[in-house]
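Each chain, letter by letter, is given below.
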Amino acid sequence: MPPSTTAATATVSSILRPTPPPAVSFHSASLPQPRRSSSGAAAAPRRLVAVAARADGASSGAETVFFDGGAHYGDLAANLLLGLTLLWLPLTLAAVSRAFILRYRFTSRRVTVVSGLSGADRTDFPYSSVTSVVVVPRFVGEWGDIIITLRDGTKVDLRSVPRFREVADYCRSMAAAEGSLATQ
């Protein structure tokens, strides 16, 4: 007598159709308006707030995205221009790979570095593990590198970050709020 096909079909269909990831919704949240003179008021800047929905339907709290982006476009342009010389070609290839493969995300809870062609390589670490944040300006301060040292001694090098001073200050303030930033 052959085995039951319904049990085998159910097993195969559950393998072929994995459970979907949790739903994430994005809401825009208003920031407090800066004080302006009576000559004109500007609209309040907005930030995206990602709210992950749990399976039971309740939200698990808001996570504010401060910065989400890749390498600075000026890094790619400068390296492509200098890549016309054969001497600069390896650095040009590195800049091209940074531009198309790397993404940085600084949220209110963690720092995320996503790399790889499919985005499969992902590194997350909370601000509570950050002990120091150092910036290195590049190209007259238009973009820069951020070197983050973690509690276990690991150094995370984020290359060609746009708005690197703002991002580094935000990272320092979040790490200081967590109480993990070493005094310098």
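Details of the structure are given in the entry above.
As the structure is a prediction and not an experimental result, all values here were calculated from the model.

Draft legend 1. Local environment of the packing of helix H2 (residues 73-82) against helix H3 (residues 89-101). Relative orientation of the contacting elements H2 and H3 amounts to 150°, with a least axis distance of 8 Å. The angle between H2 and H3 places the two elements in the roughly antiparallel class. Helix-helix and strand crossings are classified by hand; for H2 and H3 the assignment is left-handed. Here H2 contributes Asp 75, Leu 76, Asn 79, Leu 80 and Leu 82 to the contact with H3, which in turn contributes Leu 91, Thr 92, Ala 95, Val 96, Arg 98 and Ala 99. Looking at side-chain class alone, the contact of H2 with H3 contains 7 nonpolar, 2 polar and 2 charged residues.

Draft legend 2. Molecular detail of the pattern of salt bridges. Here the structure, examined in full by the defined rule, presents 10 salt bridges. The closest approach of N and O atoms between Asp 157 and Arg 159, which form a salt bridge, is 3.1 Å. The class for Arg 159 is partly exposed, based on a relative accessible area of 36%. In this structure, the salt-bridge partner of Arg 163 is Glu 166, at a minimum N-O distance of 3.3 Å. Overall, the relative accessible area of 40% leaves Arg 163 in the partly exposed class. Given a relative accessible area of 43%, Glu 166 falls into the partly exposed group. Residues joined in a network through salt bridges with shared partners are Arg 138, Asp 145, Asp 157 and Arg 159.

Draft legend 3. Highlighting the side chain of Asn 79. Counting through the fold element by element, Asn 79 comes out in helix H2. One polar contact links Asn 79 to Trp 88, side chain to side chain, over a distance of 2.7 Å. Residues contacting Asn 79, with those up to four places away along its chain left out, are Trp 88, Leu 91, Thr 92, Ala 95 and Arg 98.

Draft legend 4. Quick look at the environment of Arg 98. Tracing the backbone shows Arg 98 in helix H3. Judged by its relative accessible area of 17%, Arg 98 is buried. For Arg 98 and Ser 115, which are 17 residues apart along the polypeptide, the C-alpha to C-alpha distance reads 8.7 Å.

Draft legend 5. Broad picture of unusual backbone geometry. A positive phi angle, near 55°, is found at Ser 160, a position not held by glycine. Mapped onto the fold, Ser 160 is located in strand S9 (residues 155-162). In this structure, Arg 163 takes a positive phi of about 50° despite not being glycine. Position of Arg 163 relative to the elements: it lies in the loop between S9 and helix H4 (164-178).

Draft legend 6. Summary view of the pairing of strand S6 (residues 121-126). Sheet topology note: the strand S5 (residues 110-115)/S6 ladder contains 6 bridges and is antiparallel. Counterpart to Val 114 in the pairing with S6 is Arg 122. Counted between consecutive antiparallel strands, the loop separating S5 from S6 contains 5 residues, among which Gly 116 sits at a positive phi close to 100°.

Conventions and cut-offs
Residues numbered from 1 in each chain as written. Predicted model: local features only at pLDDT ≥ 70, side-chain atom pairs only at ≥ 80, totals over all residues. Heavy atoms only, no water. Axes fitted to C-alpha atoms, helices over the stretch in contact; angles between N-to-C directions. Helix = DSSP H or I, 4+ residues; strand = E, 2+ residues; numbered from the N terminus. Parallel < 35°, antiparallel > 145°, perpendicular 65-115°, else oblique. Left-handed = near helix turned anticlockwise from the far one by under 90°. Contact = heavy atoms within 4.5 Å. Nonpolar A, V, L, I, M, F, W, Y, C, P; charged D, E, K, R; others polar. Salt bridge = Lys/Arg side-chain N within 4 Å of Asp/Glu carboxyl O. Buried < 20%, exposed > 50% of the residue type's maximum accessible area, 1.4 Å probe, protein only. Polar contact = N/O pair within 3.5 Å; in protein donor to acceptor, adjacent residues only side chain to side chain. Pairing = 2+ DSSP bridges.

Distances and angles like these do not, on their own, reveal function.
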